[in-house]
Amino acid sequence: MLLLTLALGIAQAQDTDIELNSQLFHPTIDGTRTIWTDDSGRAESGTAIARLVFSYTNRPFIYEQTPGADPVVLVSDAVQANALVGYTLGPVRLGLDLPVYLYTDGELEDGGAGIGDLGIDGKLSLLDRSEGLGLAIGGRVVLDTASVDLALGNRGTGGEVFAIADTEVNNWLFTANLGARFLPNVDLANVELGDQLFARLGAGYAIVEDA
């Protein structure tokens, strides 16, 4: 949830044409046991990847005039499907992530359906976790392709870079991502949103061999 406390009148909030992406969920293209957190593993060179991930996000963007006041939910619901494709070339995995919003809504403006910002994704595996610790670096370029009216798309091109570390204990995989996200600046009254640091942690258990 992106919670903004802005010191401005509710009349100013009627202008909901806010060009930022309040949807922070980007499923991994080739994660083996986690959905959101990338791991260092890679498929055999020449392997094609295709996935379709459905998700629902409730109230990702809330406007609160003053602390404790009743919030205005600028984005109340987002039902989406992420179409993911990828291809491995040696230690490199390239991919595309197209979010498709099946339904969106907000209190001040109807959202409807449409596409989100297209992500061009890449990962370079550095160390194989079979040796104890897996390491990789990843990156993503995010294009301004969103067609929905709500705050579910950036104004301009953005991107992110991040480091990946993971390890396997028995059938458990533990993975962590740490990186920076580069976004167009957005001014919201007395709040300026722009570049961000982020971290993700994940764990997955293999119930079958080679997962």
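Here, the structure is the one placed above.
For the structure given in this document, a descriptive report is provided here. (Residues numbered from 1 in each chain as written. Predicted model: local features only at pLDDT ≥ 70, side-chain atom pairs only at ≥ 80, totals over all residues. Heavy atoms only, no water.)

1. Thoughts on the packing of aromatic side chains
- For the coordinates displayed, the defined rule picks out 4 aromatic pairs.
- Aromatic pair Trp172 and Tyr205: ring centres 5.1 Å apart, planes at 55 degrees, arrangement tilted. Of this pair, Trp172 sits in strand β9 (residues 172–182) while Tyr205 sits in strand β12 (residues 196–205), and the two are 33 residues apart along the sequence.
- In this structure an aromatic cluster arises from ring pairing among Trp172, Phe174 and Tyr205.
- The residue whose ring lies beneath Arg181 is Phe198, and the NZ or CZ to ring-centre distance is 4.4 Å.
- The positively charged end of Arg200 is found above the aromatic ring belonging to Phe162, 5.4 Å away from the centroid. (Phe/Tyr/Trp six-rings, centres within 6.5 Å; stacked < 30°, edge-to-face > 60°. Helix = DSSP H or I, 4+ residues; strand = E, 2+ residues; numbered from the N terminus. Lys NZ or Arg CZ within 6 Å of the ring centre and 35° of its normal.)

2. Section: the nonpolar core
- Membership of the largest hydrophobic core comes to 15 residues, with the highest contact counts inside it found for Ile18, Leu20 and Phe61.
- Listed by contribution, the elements that provide at least two residues to this core are β2 (48–64), β3 (72–89) and β10 (186–188).
- With residues up to four places along the chain from it excluded, the contact list for Ile18 reads Phe61, Leu74, Ala151, Val186 and Leu188.
- Membership of the second largest hydrophobic core comes to 5 residues, among which are Phe25, Ile29, Ile49 and Leu84. (Core = buried A, V, L, I, M, F, W, Y, C linked by side-chain atoms within 4.5 Å. Buried < 20%, exposed > 50% of the residue type's maximum accessible area, 1.4 Å probe, protein only. Contact = heavy atoms within 4.5 Å.)

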